[in-house]
Amino acid sequence: MAGPPEQAPAPGLRYAFGSVLSFFILLLIGVFAFSIRLFSVIKYESVIHEFDPYFNYRVTQFLTKNGIYDFWNWFDDRTWYPLGRVIGGTVYPGLTLTAGTIWWLLNSLNIPLSVETVCVFTAPIFSAFAAWATYLLTKEVKGAGAGLTAAALLAMVPSYISRSVAGSYDNEAVAIFALIFTFYLYIKTLNTGSLFYATLNAIAYFYMVCSWGGYTFIINLIPMHALLCIVTGRYSSRLYVAYAPLVVLGTLLAALVPVVGFNAVMTSEHFASFLVFIIIHVVALVDYIKGSLSPKMFKVAVTLVVSVGLAVCFAVVAVLVALVASSPTMGWSGRSLSLLDPTYASKYIPIIASVSEHQPPTWPSYFMDINVLAFLVPAGIIACFLPLSDASSFVVLYIVTSVYFSGVMVRLMLVLAPAACIMSGIALSEAFDVFTRSIKFQLPGLSGNSEVNAGDGSSSTVVAQNDAAKTDKREDTLKDRPSRKNKKKEKEKEHVEKAPVKSKVKRLLVLPLEASVVALLLIVLLGAFYVVHCVWAAAEAYSAPSIVLTSHSHDGLHVFDDFREAYAWLSHNTDVDDKVASWWDYGYQTTAMANRTVIVDNNTWNNTHIATVGTAMSSPEKAAWEIFNSLDVKYVLVVFGGLVGYPSDDINKFLWMVRIGGGVFPHIKEPDYLRDGQYRIDSQATPTMLNCLMYKLSYYRFVETDGKAFDRVRRTEIGKKYFKLTHFDEVFTTHHWMVRIYKLRPPKNRIRGKTKKPKSKGSSTTSSKRGGTRKKNPWH
Amino acid sequence: MGFRFYLLAILISLLSTSVLSDLILSKVDRRIDLTSQIVRITTAIKVENTGSEPVSEFLLAFPEHQAKNLAYLTSAANEGKGKVKDSTSSLPIEAVDLNGMPPALSFYSVSLPKGLAKGEILTLDVLAVFTHLLRPFPEKITQADIQLMLFEDSAHYLSPYEVKVQSLSVKLPDARIEFYTKVDNTKIHGSEIKYGPYEDLPSFSYLPIGIHFESNQPFAVASELVREIEISHWGNVMVTEHYKLIHGGAQSKGEFSRLDYQARPNIRGASAFRRLVAKLPPRAHSVYYRDEIGNISTSNLWSDSKKTELVIEPRYPMFGGWRTAFTIGYGLPLQDFMFESEGKRFLNISFGSPINDVVIDNLIVKVVLPEGSTDISVSAPFLLKQRQETKISHLDLVGRPVHVLEKTNVVPEHNQYFQVYYKFNKLSMLREPLMLISGFFFLFVACIVYTHADLTISKSSASYLAKQQWDEVQTAIEQVQNIIHRCLAVHDKLEASLRDLSRTGDVQACKAARKSADVLLKEVSKELKPLLSFLQSSLPAAQIYPKVEELVAKEKELQARLMVKHSTVVDCYEKKSGGRDVEKKVAPQQLKLTALRQEVDDLLDFIDEI
């Protein structure tokens, strides 16, 4: 925390020094934010991680290859076979366009980086941006010291690292930056009342809408704050300028994004903003009339308007309510509803509930993800109330709502993290202020001549003076003052000065010297602990790319690269138009890495289709074969962890397949797969379980590995050990058996009495050679 | 075993064709090496000129199915008995199209070094290397089957000349031999089959034989290999090799069971190969092995001073007909490969793939020279298709010249050095750093200019002037504020001195403080005057001036009261009156002081807000 330089003999120089210092601190924070996310590249390799990033990567590849127009019109026929997917209209394009632009820019400067490299490093770059945006936001709220602290905290908060390590090329990577930056511009507009910032704010909001579905958080939080300001009597023209243009411009811009479109005005997520928009206009009108009428006239007018206005309002509200109520989900999307009612998803939409990141978090995960910030947040909230300004009330509202949301879904911990960082930054910086001031005040050597050499690098000049807190405040706002010469900034500064609401706290906050020294040490220790934890989290917990697994054992490091082995095999040794069926988790990776058509993927937009695959997996072999054959599937891919003990395999996900399948096709009943309510695959398992396709494909010839068929994930011997496949052929199994690929047997084996078709059962390559002249499937 | 001796009928009808010249082959020894997928036929020929004319060329004949798979052909004159295997003695060979010769045969003419005079005898060593000459039979096998290969050739040496004495030996891999054609004088000795000797055979005699044998050698065929050799004069040669590999043996059919493969890899998967060895030049560094979806972790690297050995495993074991694609890259020190001669630089580097025993159907070598290279020429020991390209790489302006060499059917014998000559000015190396430096320089200059320049469009517009005036006013007000703050600080000091006094009773110190404060305040008021008069005169300040005035007045009052209080207290202490007295006297003053202080603060806040 660079203390703000005080106005003293050579103010210009000191400001320059201060701003240069904070510039370099910010630069270092940016570098730090970038480099702490490189553990994944150093420990593993420069590769795209997990599932969704692979889709984004593929879209980016398409964008860079075919250009923006083709991208908007892209109908992807390699997924959701035979439905396909309109990518341009169903994808949040922000991330893709960002990375595409970076790639294009670099290439036009003749820096030939591959699309993959750009994608891998987009997230770390944007986390540096996010740290800087946090600095700006917090500076608007509580001054530069708090800003720097918050930026430093955000640069390494584990929750954010988990989504933005190099390679984690996901929407959230840029969305968090967009979120913070939008909030910053809102606060900035609120503090300055400048229409310029209001416009920028709308554009930043547009970027956020482009980037992530979480933009609804913004469009609900800002109206809430505006409403809060109005209710608490803080209405001002600045608030109007900050709010009204955002709603108008922001909604118009948001409607331009294909994936949002008319949702921007038609779904309930956006309703609050319009309601508050009306309210703020009523308030503004009242304000205006109040100013132009005499008090008496005003009273008359109020009675008149209120009676008429109320009637109209009721009518409008009634119509709206009727409209909203007419839709079964009240106009809310499933994900939003599960936010408002945490039990909603598990009751009605198993597909949302089946995703682990949609589960509520546990307490340890709070500690893991935001660490000591969890304890600093309350202090920050208190600091925000001393004094409460428009800006600080906003961050308080932000933290309160995000704490709630993070409690509903683990994934939204990400929204909480910046708020927690801002709050903790404020808390730490205030604490530092108090302690250093106490020390300064009590050190005789310093207080004696503090007037002359006031403040070089630390909060100072606060001698035995009563309005210490206030002076401090001013210092903070002044700190960023640029040198006189810059007239443009001068104007800005003028606004900045307006911003902080005056502190009326005139108490002297002085603690005993020893206590403050100890407290300072403890705070530094706390910070050090946080840093250690964050580095550990970045290095150990969040850097694994999840497509490459490693394990340490007594004889060194083992690498499990089975997924890519299987995808590479598919990509090189199957026909280009073959369809691969797997559970939807592996859809994105299969299309991106193996370049094969899949039936379902991670964009779970069609529940029925997923249920069909789920049903096939939970059906006996013959029925499954018929389902797959009707979908023109050539290969079935299952993930099996029983040999090496990889826990997130298909057998463990199997109950979700049953549930989702059973949700659409009632002949699949979950209890059939459970013995006394317990999910088991050992000899106690139900016959339905032991005969379903997933079981068979996973455990085919598994018994021959060790003679007992001991499953290392479930820690038990499997129930049915010896069986033959009648409708599927094993065509590939990876080195550690983690991915097994089966080929559907051609239908001729099942039709007796018909003449044999010659040679339709060839190896994969023969079929690829004969791709052009494939015989028609008799089942169609 | 259905052999198709498709050449037989044609050839027999051709036996009567006239002999080209009067050469006679007095002895022919052929050795066919079938131990790998590449068929190497070494022939030692003793040529005798029985005619009267000196002969300067010698014809080699290959049947069509061999000729189209002929990858490499070299012949060397063997003077006397001493074995000379020097590449310099290799004789120029070219394909010739002879009229009146059977069309199913391809001919290559070897130019003899100095013409063979009458009665002279010359010994020639001919090495012919063929790819794809072994046919898998059966063509499709399951994982458990062994891979059987079929080789067809003639037991007699096919030549347009008469052959006096000849023999053939076929070397097979150490494994089962399913079948071989038995003709006269056939002997089998371990894994070697011997045919002959045969004596006095006319020209174009042909005796088809077939050998069917087990071969589990890696049939690694690169359907395409693109080698990119990029030269950086900063001291590095970067080689990137993109392989598209296929197992060229018998196609695999049916299931692939990992279980069987893991349990008994030599039986269930005998035909598959799982690793390849690349012999890189010594001092190779920055070696990587990846494919389009990332790094492939199954590789090993050993290096010593003689060579660097890279063992790579494809992601999955390669069964017959399976394909894979990967990229190997490595850096080499420039000085090992870059030389200079006659004012030109040349790169001297090997042509083919560093991987042993890979047949490359289509090899493309791209030599990327540094930007600014001119006069590019290539010298290679064999015929190549050449073309020029441009590649735009890091920070290039015009792009780097790329010399592209293409060759089909490449075998390890082609791993010879070739040279790329070009001219390059060392100063061009500095182009990119200079560009970067100047780029940043101009960026900073632009920043400086931007912050210093006044970018207002119209300097005389009213709003601009107003803004300028307003800026001045603001500066003035800020200064006033500063001054007031300083005053307040002085006040605080005085208060502090009073507190000290009450604690220590040191009147002198207090007085001294008072004196210094007086001096300071006087200075301050001096500074204040011009500012105030400026504000008074300035038009835009009209609105704010009263407040400033008020502020200054209040501050003056505060100052005065404080002075009074200070002197009262000091007086009291000098008179040694009791603490309570002092308090009593000061109390009213103190009240007013706090009130005033409050007002001043409020005013400051107010001015702040404007």
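About the cut-offs
- Residues numbered from 1 in each chain as written.
- Chains lettered and ligands numbered in written order.
- Predicted model: local features only at pLDDT ≥ 70, side-chain atom pairs only at ≥ 80, totals over all residues.
- Heavy atoms only, no water.
- Helix = DSSP H or I, 4+ residues; strand = E, 2+ residues; numbered from the N terminus.
- Rg over C-alpha atoms; globule rule 2.2 N^0.38 Å.
- Buried < 20%, exposed > 50% of the residue type's maximum accessible area, 1.4 Å probe, protein only.
- Contact = heavy atoms within 4.5 Å.
- Lys, Arg positive; Asp, Glu negative; His and termini not counted.
- Charge placed at Lys NZ, Arg CZ, Asp CG, Glu CD.
- UniProt positions renumbered as here; feature names shortened; annotations may be inferred.
- Core = buried A, V, L, I, M, F, W, Y, C linked by side-chain atoms within 4.5 Å.
- Phe/Tyr/Trp six-rings, centres within 6.5 Å; stacked < 30°, edge-to-face > 60°.
- Polar contact = N/O pair within 3.5 Å; in protein donor to acceptor, adjacent residues only side chain to side chain.
- Pairing = 2+ DSSP bridges.
- Axes fitted to C-alpha atoms, helices over the stretch in contact; angles between N-to-C directions.
- Parallel < 35°, antiparallel > 145°, perpendicular 65-115°, else oblique.
- Left-handed = near helix turned anticlockwise from the far one by under 90°.
- Nonpolar A, V, L, I, M, F, W, Y, C, P; charged D, E, K, R; others polar.
- Patch = residues over 30% accessible without salt bridge, like charges linked within 9 Å, V, L, I, M, F, W, Y side chains within 5 Å.
- Areas by Shrake-Rupley, 256 points an atom, 1.4 Å probe, with all protein chains shown as cover.
- Salt bridge = Lys/Arg side-chain N within 4 Å of Asp/Glu carboxyl O.
- Domains from an automatic or database assignment.
- Buried area = accessible area lost by both parts, 1.4 Å probe.
- Disulfide = S-S within 2.5 Å.

Student: Would you take a moment to explain the overall build of chain B for this structure?
Tutor: Scanning chain B from N- to C-terminus turns up eight helices and 31 strands. Relative to a compact globule of 610 residues, whose C-alpha radius of gyration would be 25 Å, chain B shows 48 Å and is clearly more extended. With respect to the principal axes defined by its C-alpha atoms, chain B has extents near 150 × 60 × 45 Å. Relative to its 610 residues, chain B shows a buried fraction of 48%. Counted over contacts in chain B with a minimum sequence separation of 6, partners at least 24 positions apart contribute 77%. One way to put it: in chain B the 70 positive side-chain charges average out to a point 5 Å from where the 73 negative ones average out.

Student: What is the right way to read the UniProt feature "domain: STT3/PglB/AglB core" (unreviewed entry) in chain A from this model?
Tutor: Under the present numbering, the feature "domain: STT3/PglB/AglB core" (unreviewed entry) in UniProt falls on residues 577–636 of chain A. With 50% helix and 12% strand, residues 577–636 of chain A has end C-alpha atoms that lie 14 Å from one another.

Student: Looking at this model, I keep getting lost on the nonpolar core. Mind explaining?
Tutor: Within soluble globular proteins, side chains that are nonpolar generally end up buried alongside one another. Formed by 257 residues in total, the largest nonpolar core has its most connected members in F183, M617, F628, F728 and I741 of chain A together with L347 and F418 of chain B. Element by element, the count of residues in this core is highest for helix α22 (residues 413–442) of chain A, at 17 residues. Residues L105, Y157, I193 and L201 of chain B belong to the second largest nonpolar core, which totals 55 residues.

Student: Any chance you could explain the packing of aromatic side chains here in plain terms?
Tutor: Any pair of aromatic rings gets described here by the distance separating the centres and the angle formed by the planes. Residues and elements named next belong to chain A. The tally for this structure, following the rule as stated, stands at 60 aromatic pairs over all chains. For the pair F51 and Y586, a centre-to-centre distance of 6.1 Å together with 70 degrees between the ring planes defines the contact as edge-to-face. Taken together, the residues span a long stretch of sequence, with F51 in the loop between α2 (39–43) and α3 (52–72) and Y586 in the loop between β5 (579–581) and α28 (587–594) at a distance of 535 residues. Accessibility expressed as a relative area gives 25% for F51, which makes it partly exposed. According to the relative accessible area criterion, Y586 is buried, its value standing at 1%.

Student: Hey, could you run me through the side chain of N409 of chain B in this one?
Tutor: Residues and elements named next belong to chain B. With respect to the helices, strands and loops of the structure, N409 is situated in strand β30 (residues 400–410). Within polar-contact distance, the side chain of N409 engages the side chain of T131 at 2.7 Å. Each residue touching N409, except ones within four places of it in the same chain, is listed here: K68, N69, L70, A71, T131, H132, I360, D361 and H414.

Student: Explanation requested: the sheet that holds strand β19 (residues 276–280) of chain B in the structure shown.
Tutor: Picture the strands of a sheet paired through backbone hydrogen bonds; they go either parallel or antiparallel. All names here are of chain B. Pairing is antiparallel across the open sheet formed by three strands, whose spatial order is β19-β23-β22. Looking at the sheet topology across the chains shown, the edges are occupied by β19 and β22 (299–303). Here the average twist between neighbouring strands, direction ignored, is 15 degrees. For β19 and strand β23 (residues 308–312), the ladder comprises five bridges, and the chain directions are antiparallel. Its bridge partner lying in β23, K279 is registered against E309.

Student: Sorry if this is basic, but what is going on with the pairing of β23 of chain B here?
Tutor: Residues and elements named next belong to chain B. Within β23, four of the five residues are buried, which leaves it mostly tucked inside the rest of the structure. Pairing of β22 with β23 involves five bridges; the strand directions are antiparallel. By the bridge assignment, W302 is partnered in β23 with E309. Between β22 and β23, which pair antiparallel in sequence order, lie four residues.

Student: Looking at this structure, how should I read the packing of helix α7 (residues 144–155) of chain A against α22 of chain A?
Tutor: Packed helices, taken two at a time, are described by their axes: the angle between them and the distance between them. All names here are of chain A. Contact pair α7 / α22: the axes reach a minimum separation of 7 Å and the direction vectors enclose 135 degrees. Here α22 runs oblique to α7, going by the angle between their axes. Considering how the two elements wind past one another, α7 and α22 form a crossing that is right-handed. Along the contact surface, α7 presents G145, A146, T149, A150, L153 and L154, while α22 presents P418, C421, I422, S424, G425, I426, L428 and S429. Grouping the constituent residues of the contact of α7 with α22 by class yields nine nonpolar, five polar and no charged.

Student: Quick question: what am I supposed to make of a nonpolar patch on the surface here?
Tutor: Where nonpolar side chains cluster on the molecular surface, the patch consists of W234, L427, L430, L434 and I437 of chain B and spans about 580 Å² of accessible area. Counting through the fold element by element, I437 of chain B comes out in helix α4 (residues 431–452).

Student: I would appreciate a short explanation of the domain arrangement of chain A in the present structure.
Tutor: The extent of an interface is frequently quoted as the accessible surface area lost upon association of the parts. Each assigned domain of chain A is listed here: domain 1 (186–331) and domain 2 (558–744). One C-alpha centre belongs to domain 1 of chain A, the other to domain 2 of chain A, and the line joining them spans 50 Å.

Student: Looking at this model, I keep getting lost on the UniProt feature "transmembrane region" (unreviewed entry) in chain B. Mind explaining?
Tutor: Here, UniProt's "transmembrane region" (unreviewed entry) annotation points to residues 434–453 of chain B. Between the end C-alpha atoms of residues 434–453 of chain B the distance is 27 Å, and the span holds 95% helix and 0% strand.

Student: Help me understand unusual backbone geometry, please; the structure alone is not making it clear to me.
Tutor: Residues L386 of chain A and P387 of chain A are joined by a peptide bond in cis, for which omega reads -5 degrees. Mapped onto the elements of the fold, P387 of chain A is located in the loop between α20 (373–384) and α21 (390–408). Residue P138 of chain B is bonded to the preceding F137 of chain B through a cis peptide linkage, with omega at 5 degrees. Within the fold, P138 of chain B resides in the loop between β8 (135–136) and β9 (140–141). One non-glycine residue, R701 of chain A, lies in the positive phi region at around 60 degrees. Among the structural elements, R701 of chain A can be located in the loop between α33 (693–699) and α34 (703–706).

Student: How should the domain arrangement of chain B be read in this particular structure?
Tutor: Residues and elements named next belong to chain B. Each assigned domain of chain B is listed here: domain 1 (21–81 + 89–214), domain 2 (220–424), domain 3 (430–455) and domain 4 (462–609). Summarising the inter-unit geometry, the C-alpha centres of domain 1 and domain 2 are found 31 Å apart. Contacts between the two partners involve 22 residues from domain 1, matched on the other side by 28 residues from domain 2. In total, about 2000 Å² of surface goes out of reach between domain 1 and domain 2, with carbon and sulfur atoms giving 54% of it. The three residues of domain 1 that bury the most area against domain 2 are Q37, Y72 and Q143, which together make up 33% of that side's buried surface. On inspection of domain 1 and its partner domain 2, the count reaches one salt bridge. Among the ionic pairs, E413 bridges to R40, the shortest N-O distance being 2.5 Å. Here domain 1 and domain 2 share twelve residue pairs in polar contact (both at pLDDT 80 or more) between them.

Student: Teacher, can you tell me more about the pairing of strand β26 (residues 344–350) of chain B here?
Tutor: Residue and element names in this part refer to chain B. Taking burial as the measure, the seven residues of β26 include five buried ones, the bulk of the element. Sheet topology places strand β25 (residues 338–341) next to β26; four bridges connect them, and they run antiparallel. Each bridged residue has a counterpart across the sheet, and for F339 the counterpart in β26 is F346. Counting the residues that bridge the hairpin from β25 to β26 gives two residues, and of these E342 lies at a positive phi of roughly 50 degrees. Pairing of β26 with strand β31 (residues 417–423), which is carried by six bridges, proceeds in the antiparallel orientation. Along β31, the bridge assignment pairs I349 with F418.

Student: Quick question: what am I supposed to make of the state of the cysteines here?
Tutor: Each disulfide consists of one covalent bond between the sulfur atoms belonging to two cysteines. Residue and element names in this part refer to chain A. This structure, assessed with the given rule, holds zero disulfides over all chains. No disulfide involves C119; its nearest neighbouring cysteine sulfur is the one of C210, lying 17 Å away. You can see C534 has no disulfide; the closest cysteine sulfur is in C421, sitting 8.3 Å from it. Using a relative accessible area of 0% as the deciding quantity, one classes C534 as buried.

Student: Can you walk me through the environment of I68 of chain A in this structure?
Tutor: Residues and elements named next belong to chain A. Within the secondary structure, I68 is located in helix α3. Between the alpha carbons of I68 and L97 there is a distance of 8.5 Å; along the sequence they are 29 residues apart. With near-sequence residues (within four places) excluded, I68 lies in contact with L63 and L97.

Student: Please clarify how the packing of α3 of chain A against helix α6 (residues 115–142) of chain A should be interpreted in this entry.
Tutor: Residue and element names in this part refer to chain A. It is the contact of α3 with α6, at a shortest axis distance of 10 Å, that shows an interaxial angle of 130 degrees. On the basis of their axis angle, the class for α3 and α6 is oblique. The crossing of α3 and α6 is right-handed. Contacts between α3 and α6 involve Y57, T60, Q61 and T64 on the former and, on the latter, V115, E116 and C119. When its residues are assigned to classes, the contact of α3 with α6 shows three nonpolar, three polar and one charged.

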